[in-house]
Amino acid sequence: MRHDPVVAVETRRLKALYIECGERDQFNLLYGARRLVRRLNELGIAHRYEEFADNHSGVDYRIDESLPFLAQALSG
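Here is what the cut-offs are and how they apply
- Residues numbered from 1 in each chain as written.
- Predicted model: local features only at pLDDT ≥ 70, side-chain atom pairs only at ≥ 80, totals over all residues.
- Heavy atoms only, no water.
- Helix = DSSP H or I, 4+ residues; strand = E, 2+ residues; numbered from the N terminus.
- Contact = heavy atoms within 4.5 Å.
- Areas by Shrake-Rupley, 256 points an atom, 1.4 Å probe, with all protein chains shown as cover.
- Phe/Tyr/Trp six-rings, centres within 6.5 Å; stacked < 30°, edge-to-face > 60°.
- Buried < 20%, exposed > 50% of the residue type's maximum accessible area, 1.4 Å probe, protein only.

Asker: Explain the overall build of the protein chain to me, and be specific about the residues and the numbers.
Answerer: Scanning the protein chain from terminus to terminus reveals three helices and two strands. In the protein chain, the order of α-helices and β-strands from amino to carboxyl end is α-β-α-β-α. Considered along the principal axes of its C-alpha atoms, the protein chain spans approximately 30 × 30 × 20 Å. A sequence separation of at least 24 residues applies to 64% of the contacts in the protein chain between residues at least 6 apart. Here the protein chain has roughly 5,600 Å² of accessible surface; of this, 52% comes from carbon and sulfur atoms.

This is the structure in C-alpha cells:
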C-alpha cells in the first residue's frame, strides 16, 4: 500500500505533480487517476490534471503539455 499513489501522496513532498489520462484509456487508468486527483484535492496538494480525448497508446504529442510544466517546476 505504501507504493499506491493515493496513499503515498500523503507523505511525500513534491515540487510538481502532473497527471494526465486519456478518456478512452484501454487499461482503465482513468478511474485511478480520478481517484488520485480527488485525494489530492482533499489534501490541498497542488497538481495539474488533464484528461484528453485519446487512449493509452501513441500519445507522444502530449509531451508538449507536460514537459514545459515539469521543466518550469524543476528549474524554479
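Text resumes after the structure shown.
Asker: Explain the environment of Phe69 to me, using residue names and the numbers behind them.
Answerer: Looking at the element boundaries, Phe69 is found in helix α3 (residues 63–75). Put simply, Phe69 and Ala16 are 53 residues apart on the chain and 8.3 Å apart in space, counted from C-alpha to C-alpha. If near-sequence neighbours (up to four positions away) are discounted, Phe69 is found in contact with Ala16, Leu17, Tyr18 and Arg48.

Asker: Break down the packing of aromatic side chains for me, with residues and values.
Answerer: Overall, the coordinates contain two aromatic pairs when judged by the stated rule. Summarising the aromatic geometry, the rings of Tyr18 and Phe69 are spaced 5.6 Å apart at their centres and angled 45° between planes, so their arrangement reads as tilted. In this pair, Tyr18 sits in strand β1 (residues 18–22) while Phe69 sits in helix α3, placing the two residues 51 residues apart along the sequence. With relative accessibility at 23%, the residue Phe69 sits in the partly exposed group. Consider the rings of Phe52 and Tyr61, whose centres lie 6.5 Å apart with planes at 80°: the pair is edge-to-face. Taking relative accessible area as the criterion, Phe52 reaches 8% and is therefore assigned buried.

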